[in-house]
Amino acid sequence: MALARLHGGPLDGQVLSVDDAAQGSLILPYSETQVVYEREGAVANTGEGDGPTSADFRFLEAEDEIDPDADDDDRRNE
């Protein structure tokens, strides 16, 4: 197991467990769409005893337009 640290986009600051931190990108579900994060830089902590293997992933794109305030707008209109 390895860790993926997400930067930017709707999942900014999230840390996920992944099978392979060396993979080039992550496609993740978000609300009713999908978001894509691309690995940035080298994989860290690959030796024994230096903590879990990890990699940084930067937000690349969303399959559809993301409106993080949509739920708030729906509640205001009720």
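If you're wondering where the values come from, they're calculated on a predicted model, not measured in any experiment.

Participant: Now, about the overall build of the chain: what can you tell me, with residues and values included?
Facilitator: Each helix and strand in the chain was counted, giving one helix and five strands. The order of helices and strands in the chain, counted from the N terminus, is β-β-β-β-β-α. Counting across all 78 residues of the chain, residues that qualify as buried make up 19%. Sequence-distant contacts, at least 24 apart, represent 40% of the contacts inside the chain between residues at least 6 apart. A total of about 5400 Å² of accessible surface is found on the chain, and carbon and sulfur atoms cover 41% of it.

Participant: Can you lay out the confidence of the model for the chain for me, pointing to particular residues and giving the numbers?
Facilitator: On average, residues of the chain score 87 in pLDDT, and 86% of them reach the 70 mark or higher. Confidence, read as mean pLDDT per element, is least for helix H1 (residues 70-76) in the chain (56) and greatest for strand E1 (residues 2-7) (96).

Participant: How would you sum up unusual backbone geometry? Please name residues and give values.
Facilitator: The phi torsion at serine 31 lies on the positive side, around 55°, for a residue other than glycine. One can find serine 31 in the loop between strand E3 (25-30) and strand E4 (33-44).

Participant: Outline the pairing of E4, listing residues and values.
Facilitator: In the sheet, E3 pairs with E4 via six bridges, with the strands oriented antiparallel. Bridged to serine 25 within E4 is glutamate 38. Joining the antiparallel neighbours E3 and E4 is a turn of two residues, in which serine 31 adopts a positive phi near 55°. When E4 meets strand E5 (residues 54-62), the two strands line up antiparallel, connected through seven bridges.

Participant: Now, about the packing of aromatic side chains: what can you tell me, with residues and values included?
Facilitator: For the coordinates displayed, the defined rule picks out one aromatic pair. Relative to phenylalanine 59, the ring of tyrosine 37 lies with its centre 5.5 Å away and its plane at 65°, an arrangement referred to as edge-to-face. Of the two residues, tyrosine 37 sits in strand E4 while phenylalanine 59 sits in strand E5, which places them 22 residues apart along the sequence. The class for tyrosine 37 is buried, based on a relative accessible area of 0%. For phenylalanine 59, a relative accessible area of 28% translates into the label partly exposed.

Analysis parameters
- Residues numbered from 1 in each chain as written.
- Predicted model: local features only at pLDDT ≥ 70, side-chain atom pairs only at ≥ 80, totals over all residues.
- Heavy atoms only, no water.
- Helix = DSSP H or I, 4+ residues; strand = E, 2+ residues; numbered from the N terminus.
- Buried < 20%, exposed > 50% of the residue type's maximum accessible area, 1.4 Å probe, protein only.
- Contact = heavy atoms within 4.5 Å.
- Areas by Shrake-Rupley, 256 points an atom, 1.4 Å probe, with all protein chains shown as cover.
- pLDDT = per-residue confidence, 0-100.
- Pairing = 2+ DSSP bridges.
- Phe/Tyr/Trp six-rings, centres within 6.5 Å; stacked < 30°, edge-to-face > 60°.

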